[in-house]
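Per-entry structural report
So the chains spell out like this:
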Amino acid sequence: MLGLLVLAGTLVQMDQERWVVVPPAAGVELLIFVAAAAAFFARTFPLPALIVAAILDAVPYWVPIGGAGYHLSFMICTYMVVAHCARRTATIAVAVVFVVQVGLMAWDMNWIWSHAFVLVAGMSVVLPAALGVAARSRQATVRALRDRAEEAERSRDSEARKLLAEDRLRVARDLHDSVAHQIAVMNLNTAVASNALPERPEDATQALVVVREAGRSVIASISDLLNGLRDDHWDDPEPRYDLDEVRLLVEEFRTLMPSVDLTLGPGLATSRSVGAATYLVVRECLTNAYKHGDHDAPIAVELERSHGVCSLRVVNTARRPTSDFIEGFGLRGMRERVAAEGGQLHVSCTDRTFVVAAEMPEAMPEGTREEVGAR
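The rules behind each value
- Throughout this document, residue positions are counted from 1 along each chain, in the order its sequence is written.
- A pLDDT threshold of at least 70 governs which residues receive local features in this predicted model, and a stricter bar of 80 or more applies before side-chain atom pairs are shown or counted, although totals over entire chains, interfaces and linings include all residues.
- Remark: hydrogens and water are excluded; side-chain values derive from all non-hydrogen atoms of the structure.
- By definition, any uninterrupted DSSP run of H or I lasting at least four residues is a helix, any uninterrupted run of E lasting at least two residues is a strand, and each is numbered from the N terminus.
- Whether two residues are in contact is decided by their heavy atoms: any pair within 4.5 Å suffices.
- Note on areas: these come from Shrake-Rupley sampling with a 1.4 Å probe, and a residue is covered only by the protein chains present in the view.
- The set of buried Ala, Val, Leu, Ile, Met, Phe, Trp, Tyr and Cys residues whose side-chain atoms join them within 4.5 Å is what this entry labels a nonpolar core.
- Between buried and exposed lies partly exposed: a residue is buried under 20% and exposed over 50% of the maximum accessible area for its type, with that area taken using a 1.4 Å probe on protein chains only.
- Within 6.5 Å between ring centres, the rings of Phe, Tyr and Trp (the latter by its six-membered ring) count as paired, and their orientation is classed by plane angle as stacked under 30 degrees, edge-to-face over 60, tilted in between.
- We define a salt bridge as a side-chain nitrogen of Lys or Arg found within 4 Å of a carboxyl oxygen belonging to Asp or Glu.
- The convention used is that axes are lines fitted to C-alpha atoms, helices contributing only their stretch in contact, and that angles between N-to-C directions extend from 0 to 180 degrees.
- Roughly parallel here means an angle under 35 degrees, roughly antiparallel means over 145, roughly perpendicular means 65 to 115, and every remaining angle is called oblique.
- For a crossing to be left-handed, the near helix must be turned anticlockwise from the far one by less than a right angle; the clockwise case is right-handed.
- Gly is placed with the polar residues, together with every amino acid not listed as nonpolar (Ala, Val, Leu, Ile, Met, Phe, Trp, Tyr, Cys and Pro) or charged (Asp, Glu, Lys and Arg).
- The predictor rates its confidence in each residue with pLDDT, a number between 0 and 100.
- One requirement defines pairing of two strands: DSSP has to find at least two bridges between them.

**A word on the overall build of the protein chain**
Looking only at helices and strands, the protein chain features 11 helices and 9 strands. Restricting to contacts in the protein chain with at least 6 residues of sequence separation, those with at least 24 account for 69%. When the accessible surface of the protein chain is totalled, it reaches about 22200 Å², and 61% of it is carbon and sulfur.

**Considerations on the nonpolar core**
Within the largest apolar cluster, 40 residues are counted, with the highest numbers of intra-cluster contacts made by Phe 253, Met 257, Leu 286, Tyr 290, Val 301, Leu 312 and Leu 345. Here this core gets 10 residues from one element, more than from any other, and that element is helix α9 (residues 276-292). In this structure, Cys 77, Val 81, Cys 85 and Ala 90 belong to the second largest nonpolar core, which totals 18 residues.

**Brief notes about the packing of aromatic side chains**
On inspection of all chains with the given rule, the structure shows 5 aromatic pairs. Ring centres of Tyr 241 and Tyr 279 lie 3.9 Å apart, and the angle between their planes is 5 degrees; this geometry places the pair in the stacked category. Residue Tyr 241 is found in strand β3 (residues 241-242), and its partner Tyr 279 is found in helix α9; the two are separated by 38 residues along the sequence.

**What to know about the environment of Asp 351**
Along the polypeptide, Asp 351 turns up in the loop between β8 (344-350) and β9 (353-361). Look at Asp 351 and you get exposed, because its relative accessible area is 51%. Between the C-alpha atom of Asp 351 and that of Thr 317, which follows or precedes it by 34 residues, the distance is 9.0 Å.

**Here we look at the pattern of salt bridges**
This structure, assessed with the given rule, holds 5 salt bridges. Close ionic contact of Asp 244 with Arg 247 constitutes a salt bridge, the shortest N to O distance being 3.0 Å. Placement of both Asp 244 and Arg 247 in helix α8 (residues 243-254) is noted, with a separation of 3 residues, approximately one turn of the helix. Classification of Arg 247 as partly exposed rests on a relative accessible area of 34%.

**Some remarks on the packing of helix α2 (residues 31-40) against helix α4 (residues 69-84)**
Each pair of packed helices can be described by the angle between their axes along with the distance between the axes. Contact geometry of α2 with α4 gives a least axis separation of 9 Å together with a crossing angle of 20 degrees. Overall, the two elements α2 and α4 adopt an arrangement that is roughly parallel. Crossing geometry of α2 relative to α4 is assigned as left-handed. Between α2 and α4, the contacting residues are Leu 31, Ile 32, Ala 35, Ala 38 and Ala 39 on the first element and Gly 69, Tyr 70, Ser 73, Ile 76 and Cys 77 on the second. Taken together, the residues of the contact of α2 with α4 break down into 8 nonpolar, 2 polar and no charged.

**Focus on unusual backbone geometry**
The backbone of Trp 111 shows a phi angle near 60 degrees, a positive value even though the residue is not glycine. In this structure, Trp 111 sits in the loop between α5 (87-108) and α6 (116-196). Although it is not a glycine, Asp 351 sits at a positive phi angle of roughly 55 degrees.

**A short note on the environment of Cys 310**
Position of Cys 310 relative to the elements: it lies in strand β7 (residues 309-317). The exposure class assigned to Cys 310 is buried, which follows from its relative accessible area of 0%. Remark: the alpha-carbon pair of Cys 310 and Leu 268, spanning 42 residues in sequence, is separated by 9.0 Å. Look past the residues within four positions of Cys 310 in its chain and what remains in contact with it is Thr 278, Leu 303, Glu 304, Arg 305, Ala 358, Glu 359, Met 360 and Glu 362.

**Considerations on the confidence of the model for the protein chain**
On average, residues of the protein chain score 79 in pLDDT, and 83% of them are at 70 or above. Across the protein chain, the secondary-structure element scoring lowest on mean pLDDT is helix α11 (residues 366-374), at 42, and the one scoring highest is β7, at 90. Per-residue pLDDT stays below 50 along residues 366-375; that stretch engages in 8 contacts with residues further than four places along the chain or on separate chains.

**Here we look at the sheet that holds strand β6 (residues 299-306)**
Across the sheet, 5 strands lie side by side as β4-β6-β7-β9-β8; this open sheet has mixed pairing. The outermost strands of the open sheet, each flanked by one partner alone, are β4 (260-264) and β8. For this sheet, the mean inter-axis angle between neighbouring strands, taken without regard to orientation, is 10 degrees. Where β7 lies against β9, 9 bridges are found, and the strand directions are antiparallel. Of the residues in β9, the one forming a bridge with Val 314 is Val 356. Each of β4, β6, β7 and β9 touches α9; the most contacted strand, β7, lies at about 5 degrees to it. Helix α10 (residues 329-340) rests against β8 and β9 of the sheet, and its axis sits at about 145 degrees to β8.

As structure tokens, this is what we get:
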């Protein structure tokens, strides 16, 4: 369209209130097609097109080659250079053609610098250059908006992948915490029932009752987990546990491992509750001690709270000496839970002594804080 506009500027004229096409009167006037081609390719090759258009626009000062189409092509190419070339290249090109245009027109006007044609020649460079600057600014704004939109899209995708990974870890951790412990209890009591059935049927019956209750607990835990996923209760705060529940947990394992010993520090006297992470870490440690430890060796569970930080230490004896161990789902889940609370978990094994130590910030409930303040 720009090339046709350049051709129309020279070949189309008004004749008795009609627009007519005036064919070139001489072969040299066919150069207007070169100027039209320069306007046509100005978007792809702005600087070469401007050079060609500037030369053709200067030729009429010496040779009559046609009408205003040459100057129109020159203005189009000037705009394209400013809008699409590098800033330094565009500045130099505009400065050069401005000097040439004004100089040639002043020379043609006998060096009358204030002549209107000289001013028009200067404006024919300044106006398309200003339009080019505006177009460049708009392109930069659009490009910046597009880049920000793409970056926001990438951030959303990355955040979605991160949230998905966190949810998968949480599902795996919750399933392990809720199911593994109960299955260990079921396994143990099944063995107790099997051994006690011939001579102590009452003990076998009691063990089977425990197995049945553990099975119900597994079903309830899985049901709660599925309901939370379906009903969007995933972000509900985790419950707190009473110290009596910790003692009951230890008592349950003491029936399996009589040497389990629980020590509660004086800092726990001001609050009878512990966080879910603390309770679940204790349960996981005792489950691991049952699965991998020596049941006849002492198992020490120590809990203390000081300055809002809950300290936990569980020491048990492995069945065989080992210094290298592989973290399974249980240890990884404990580490993730403690890290989510802003704490640290340390696991070590020297000879047969297996130690799990954790420290994590633990806020007390509102009612407990008021009670402590009143005291």
